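Residue-level listing of the chains:
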Amino acid sequence: RLYVRKLREKRTAAASKWATEVSDASSRVWNLHRVLAARNDPVTRKNFLEVVAGSEVPKDFAGAEEALVQAQNENKDIENVTDTLNIQDFSLFSLFWVQLCLGLAGRLQRLLKYDGGSLESDVASLYPAVRSASLEMVTELHDVMQMGSASSDDATGLSSMGSGWNPTGVMGGSAGLEDSVFLGGAVGMDGSLDDPFGRADEAAGGGMGASADAWTHPNSSHDATLDVDGSRPTSDVSPITSSSALAVFSSQEWITLQGEKVSDGAPMGFSPLRSSFLEQCKKRLFTPLEFMFQEAVSVDENGVAIPVLPTLPSRYDIAKIDSNIREELSLADPRQGGGDFSMATMISDPIVNMVHEFCVLAKRAISEIDENEEAETEAMAHNLKVAGVMSSLASFVRNAPENTYVNPYRPSQSPQHEEASHSCRVALLPALQEIESLVKNTILTPLTRVLNSHVATVMSKMHRLGAYLQDPRDDGSQATSFVQIHLVDQFDNIASAYLTPLPNEYASIVASTVATFSIYSFVSNAAMIRPLGEASRLRLTQDLADFELSLEQLVFKGGTSLSLSQIAGGKPYAELRAMRQLLYWNMLDDKTLSPAEVAKALLRETWVKDVRPSTLFHFLFSFAPTLLTSPHHFKRMDAHQYVGAMIKLDGSVDDGEASAWMTTMTCCDAYQQRESVDGSMADGDRRVGAILMILGPELLRRRRQ
């Protein structure tokens, strides 16, 4: 640790020294630009900056001229494209800055390729310190350029580009020879002692930009602020506020220095160093993945290869990935890595790429589960363990920003720490979304389909065994509960075997999906019981209470904070509660009511809005004559097969409602034909067919709304 700290200090000192020298040179060029912009030739009265702009650019600055011309011609029509710089927009400082960035990129490329790239990792490690120092340099230089320009304009009466001249001066420019702008401590226009560049330097927080005296008088106070090695002391550097940083990041100086805009593919500024730094980050993050999800090999006694499930990462392996993520993110912490907080988003990109590669490896290790395959298999248990691994990785990625930037500094963390943590969390969201998508699509969805298929098989016994068609026992004892015999143990097995091994965030998804499917399936199967006597209604009412209690326990064991009434927007639970009121609906007992009156009265019931149209259709079949064939009989299907066609294994029911209504209409049409031939049959209520034809369109219209 001592070696790493010393090495980081050396890098910071070297970067600070480099930034100081670049800042001094930039300040001199900027002041020269200001001098030329503020002075006119006393004879020709032509601005000196216009004279420089009209002259030929030196060959050493040809690359900068080409880049500026290309930027000048962007978003212009073909007829407006020029091959020379615009004199009105000419900037001597921009020419110098672009050439500086081009030369810097060339030097960095040669350094990274030196000796076959043997020094690439060491050179790339300089990027955090160099970026931090350059950010402070550009920030203070930007403040000097903005505030110094405003102060000079107030003193001389010139425009920011220096295209005008002071009317108070003699011969168009002689007043500038004795003003306060370029002579430190001179008398200003208002008669007060003032130094506009000094004010700008002071406002910038320590004077990164040099005033004119810095290059007219060697022994200026600006030079006295440097250390022995030429670097600027850290105590003189002001903290970068969010407002100033936002202006700096959008400034052309910073964009050019970082190489975000290139000319004809030529690298500029720190772009080679940044690319190498990100490549080294990616290499360090990807190194542990070589040992993740390795294929296992096994042979039998005859030497024949046996398929074996891949080896899963251990807790140590996942913890190593977490350590690498936090170590890379700490490079953006000025205290721990020597960088700056603006690097947090940039470093997040290699982390997202690493998580993507991890998900690719995990997907290969997941076993495919057939819906007809027994759930208690080794492959299913293996997939549950993979889900646990992915949950651990997601937790580490989710907590890494706060553990890196905020927790080490509690309770004295600054707003910069909170802002860096927030921006990093936002940048890491794609990684978390990819993990969640992988687990849902390849593990949770097949698991819920298998579990729901088992639940549907158990519920099919409701019709095969005639659970609610049998009368109570002759000795007066109560008949056994279908839910307690067949479903309670099934739900307990699901909770203990599959929900317990899963992490809470995934177990809640499985529990919610199984509960939704179970409610819809149980209600649909119960609505298709025909005939439904008084004793069957009583037993079904009791089973509905037991069924609700068992599902509440299942959802609770799933680890979710939601109750059964909040799952899937509360629609399944509302239908379960409405089923109890539907069982004791007795409007058909009044034989004097017409089918239209019965339908209108039924539509006015408060619980009708909570029941699916298919549930109400199938329930009315229990009052119908024998000639009105049940929908599943008309389809030549068992009741559970017909219910399975309406309710998908993922719990969705919308697609089955239209199909159920079409089948119901077909049954009613067939009933009308049979009734016209043999109308003497008096069993059941003959109004049911007409009631169904009136209710159907209205119920489907309400559901679509």
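Let us look at the structure shown here. (Residues numbered from 1 in each chain as written. Predicted model: local features only at pLDDT ≥ 70, side-chain atom pairs only at ≥ 80, totals over all residues. Heavy atoms only, no water.)

What about empty space enclosed by the protein?
Let me state the cut-off plainly: Points on a 1 Å grid, built from protein atoms alone, make a cavity when a 1.4 Å probe fits but cannot get out and make a pocket when they are open with protein on both sides within 12 Å along at least 5 of 7 lines; residues with an atom within 4 Å of a point are the lining residues. Grid points are joined across faces, edges and corners, and a volume is the space filled by probe spheres set on the points. Any residue outside Ala, Val, Leu, Ile, Met, Phe, Trp, Tyr, Cys, Pro, Asp, Glu, Lys and Arg is labelled polar, Gly included; the first ten of those are nonpolar and the last four are charged.
This model, assessed by the stated rule, comprises two cavities of 30 Å³ or more. Taken as a whole, the largest cavity encloses approximately 50 Å³ of empty space. Forming the boundary of the largest cavity are Ala527, Met528, Ile529, Arg530, His618, Phe621, Ser622, Ser630, Pro631 and His632. Looking at the lining of the largest cavity residue by residue, the class counts come to five nonpolar, four polar and one charged.

Side note on the environment of Lys17
Our working rule: Segments assigned H or I by DSSP are reported as helices when at least four residues long, segments assigned E as strands when at least two residues long, and all are numbered from the N terminus.
Relative to the elements of secondary structure, Lys17 occurs in helix α1 (residues 2-38). Sequence separation between Lys17 and Ala133 is 116 residues; the distance between their C-alpha atoms is 8.9 Å.

Some thoughts on the packing of aromatic side chains
Test applied: Stacked, tilted and edge-to-face pairs are distinguished by plane angle, under 30 degrees for stacked and over 60 for edge-to-face with tilted covering the rest, among Phe, Tyr and Trp rings (Trp via its six-membered ring) whose centres lie within 6.5 Å. Note on classification: 1.4 Å probe, protein chains only; a residue is buried when its accessible area is under 20% of the maximum for its type, exposed when over 50%, partly exposed between these limits. A ring is considered to have a charge above it if a Lys NZ or an Arg CZ atom is located within 6 Å of its centre and within 35 degrees of its normal.
In total, this model carries 14 aromatic pairs according to the counting rule given. With a centroid separation of 5.3 Å and an interplanar angle of 35°, the aromatic rings of Tyr127 and Phe277 are classed as tilted. Of this pair, Tyr127 sits in helix α6 (residues 127-156) while Phe277 sits in helix α11 (residues 271-286); the two residues are 150 residues apart in sequence, bridging distant segments of the chain. Each member of the pair, Tyr127 as well as Phe277, is classed as buried. Both rings, one in Phe341 and one in Tyr405, keep their centres 6.1 Å apart while their planes meet at 85°; by these two values the pair is edge-to-face. With Phe341 in the loop between α12 (315-329) and α13 (343-365) and Tyr405 in helix α14 (residues 378-405), the pair connects residues that are 64 residues apart, well separated along the chain. Residue class for Tyr405 comes out buried when judged on its relative accessible area of 0%. Through a chain of ring-to-ring contacts, the aromatic side chains of Trp30, Phe93, Phe96 and Trp97 assemble into a single cluster. In this arrangement the basic side chain of Lys282 is found over the ring face of Phe286, its NZ or CZ atom lying 5.5 Å from the centre.

Notes on the side chain of Ser550
For clarity, the cut-off: Identification of polar contacts relies on pairs of N or O atoms within 3.5 Å, with a donor-acceptor requirement for protein atoms, meaning one able to donate a hydrogen and the other able to accept it, and with residues adjacent in sequence counted only if both atoms are side-chain atoms. A contact between two residues is defined here by any heavy atoms of the two lying within 4.5 Å.
Within the fold, Ser550 resides in helix α20 (residues 534-557). Ser550 sits in the buried class, given a relative accessible area of 6%. Separated by 2.8 Å, the side chain of Ser550 and the backbone oxygen of Phe547 make a polar contact. Contacts of Ser550, omitting those with residues within four sequence positions, involve Val488 and Phe491.

Quick notes on the packing of α20 against helix α21 (residues 571-583)
In a pair of packed helices, the angle between the axes and the distance between the axes together describe the arrangement. Counted only if it meets this: For helices, the axis comes from a line fit to the C-alpha atoms of the stretch in contact; other axes are also lines fit to C-alpha atoms, and the angle between any two N-to-C directions lies between 0 and 180 degrees. What sets the label is the angle itself: under 35 degrees gives roughly parallel, over 145 gives roughly antiparallel, 65 to 115 gives roughly perpendicular, and the rest give oblique. Should the near helix be turned counterclockwise from the far one by less than a right angle, the crossing is left-handed, whereas a clockwise turn marks it as right-handed.
Following both chains from N to C, one finds α20 and α21 inclined at 160°, their axes separated by 10 Å at the closest point. Classified by the angle their axes make, α20 and α21 are roughly antiparallel. Relative to α21, the crossing made by α20 is left-handed. On the side of α20, the interface is formed by Arg537, Leu540, Thr541, Leu544, Ala545, Phe547 and Glu548, while α21 contributes Tyr573, Leu576, Arg577, Met579, Arg580 and Leu583.

Some points on unusual backbone geometry
Between Arg410 and Pro411 the backbone carries a cis peptide bond, its omega angle lying at 5°. Relative to the helices and strands, Pro411 resides in the loop between α14 and α15 (415-427). That bond from Arg530 to Pro531 is cis: its omega, 0°, falls within 30 degrees of zero. Inspection of the secondary structure assignment puts Pro531 in the loop between α19 (504-527) and α20. Notably, Arg45 is not glycine yet its phi reads approximately 55°, a positive angle. The topology assignment puts Arg45 in the loop between α1 and α2 (48-54). Positive phi outside glycine occurs at Phe293, with the angle close to 55°.

With respect to the environment of Glu120
One can find Glu120 in helix α5 (residues 120-124). Residue Glu120 is classed as partly exposed on the basis of its relative accessible area, which comes to 27%. Sequence spacing of Glu120 and Ser276 is 156 residues, and the spatial spacing of their C-alpha atoms is 7.4 Å. Excluding residues that lie within four positions of it along the chain, Glu120 makes contacts with Leu112, Ser276 and Gln280.

A few points about the pattern of salt bridges
Basically, it comes down to this: Any carboxyl oxygen of Asp or Glu that lies within 4 Å of a side-chain nitrogen of Lys or Arg is treated as forming a salt bridge with it.
Within this structure, the stated rule accounts for 18 salt bridges. Here Glu9 ties to Arg5 by a salt bridge, and the two come within 3.2 Å at their closest N and O atoms. Here Glu9 pairs with Arg5, and both are found in helix α1, just four residues apart, close to one helical turn. Taking the relative accessible area as the measure of exposure, Arg5 reaches 35% and is therefore partly exposed.

Some points on the environment of Leu428
Its place among the elements puts Leu428 in the loop between α15 and α16 (429-459). Taking the C-alpha atoms as reference points, Leu428 and Ile351, separated by 77 residues in sequence, lie 7.7 Å from one another. Apart from the residues lying within four places of it in its own chain, the contact partners of Leu428 are Ser348, Ile351, Val352, Val397 and Pro401.

A short note on the nonpolar core
Heads up, the rule is: To form a nonpolar core, buried Ala, Val, Leu, Ile, Met, Phe, Trp, Tyr and Cys residues must be joined to one another through side-chain atoms within 4.5 Å.
Judged by nonpolar contacts, the single largest core of 175 residues is most densely connected at Phe358, Phe522 and Phe547. Look past the residues within four positions of Phe547 in its chain and what remains in contact with it is Met459, Val483, Leu487, Phe491, Ser518, Ile519, Phe522 and Leu576.

With respect to a nonpolar patch on the surface
Worth spelling out the cut-off: A residue counts toward a patch only above 30% relative accessible area and without a salt bridge, and it is joined to like-charged neighbours within 9 Å or, for Val, Leu, Ile, Met, Phe, Trp and Tyr, to nonpolar neighbours within 5 Å. Computed with the Shrake-Rupley method and a 1.4 Å probe, the accessible areas treat only the protein chains shown as cover for residues.
Together, Leu111, Tyr114 and Leu119 line one region of the surface with nonpolar side chains, adding up to about 280 Å² of accessible area. You can see Tyr114 is positioned in the loop between α4 (92-112) and α5.

Quick notes on the packing of α11 against α13
At a closest axis distance of 9 Å, the pairing of α11 and α13 adopts a crossing angle of 40°. Classified by the interaxial angle, the pair formed by α11 and α13 is oblique. Judged by the sense of rotation from one axis to the other, the crossing of α11 with α13 is right-handed. Of α13, the residues touching α11 (which contributes Arg274, Phe277, Leu278, Cys281, Lys282, Leu285 and Phe286) are Met343, Met346, Ile347, Pro350, Ile351, Asn353, Met354 and Glu357. For the contact of α11 with α13, a count of residues per class yields 11 nonpolar, one polar and three charged.

As for the side chain of Ser271
Checked against the element boundaries, Ser271 lands in helix α11. What makes Ser271 buried here is its relative accessible area of 9%. Among the polar contacts listed, one links the side chain of Ser271 to the backbone oxygen of Met268, at a separation of 2.9 Å. Beyond its immediate stretch of four places on either side in the chain, Ser271 contacts Gln258 and Gly259.

Any functional reading would require information that these geometric values do not contain.
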